[in-house]
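# Reading the structure
Single-letter residue listing:
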Amino acid sequence: MSSTDLLEEPDVREGDTGNANEVFHYVRKNKIAESAVMGTMVEALCGEVFPVTKSPKPGSPVCPACKEIYEQLKK
């Protein structure tokens with residue numbers, strides 16, 4: 001995966017796991033709309049696979065593993 005596959009200000013999406021302590025994940029921007037409309041699965045930077053079902057609100061928790069990987073890609 002190259003950094004050109006990511007948004008500068010990444011759009012994050014939540015995996016629908018049923019867990020009350022869910023976090024939002026960084027995913028490839030070109031897969032977000034397709035997943036939201038078609039229900040296809042996306043893969044987060046951390047490796048978690050899920051369909052896009054929710055949009056983050058400002059201040060929403062972000063997956064620490066995704067955030068760390070994204071920060072390394074920006075360098």
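All values reported here derive from a predicted model rather than from experimental measurement.

Conventions adopted
Residues numbered from 1 in each chain as written. Predicted model: local features only at pLDDT ≥ 70, side-chain atom pairs only at ≥ 80, totals over all residues. Heavy atoms only, no water. Helix = DSSP H or I, 4+ residues; strand = E, 2+ residues; numbered from the N terminus. Buried < 20%, exposed > 50% of the residue type's maximum accessible area, 1.4 Å probe, protein only. Contact = heavy atoms within 4.5 Å. Areas by Shrake-Rupley, 256 points an atom, 1.4 Å probe, with all protein chains shown as cover. pLDDT = per-residue confidence, 0-100. Salt bridge = Lys/Arg side-chain N within 4 Å of Asp/Glu carboxyl O.

For the protein chain, the count of helices and strands is 2 helices and 4 strands. Starting at the N terminus and walking to the C terminus, you meet the elements of the protein chain as β-β-α-β-β-α. Taking all 75 residues of the protein chain together, the buried fraction comes to 27%. In the protein chain, the proportion of contacts linking residues at least 24 apart, taken out of those at least 6 apart, comes to 47%. Of the roughly 4900 Å² of accessible surface on the protein chain, a fraction of 50% belongs to carbon and sulfur atoms.

Turning our attention to the confidence of the model for the protein chain. Within the protein chain, residue pLDDT values average 78, and 72% of them lie at 70 or more. Confidence, expressed as mean pLDDT per element, reaches its minimum in the protein chain at strand E1 (residues 12-14) with 50 and its maximum at strand E3 (residues 41-43) with 94.

For the rest of this paragraph, the subject is the pattern of salt bridges. Within the structure shown, the criterion is met by 1 salt bridge. The partner of Lys54 in a salt bridge is Glu22, and the shortest N-O contact between them spans 3.7 Å. You can see Lys54 sitting in the loop between strand E4 (49-51) and helix H2 (64-74) and its partner Glu22 sitting in the loop between E1 and strand E2 (24-26), a full 32 residues away along the chain. Looking at Lys54, the relative accessible area reads 37%, which means it is partly exposed.

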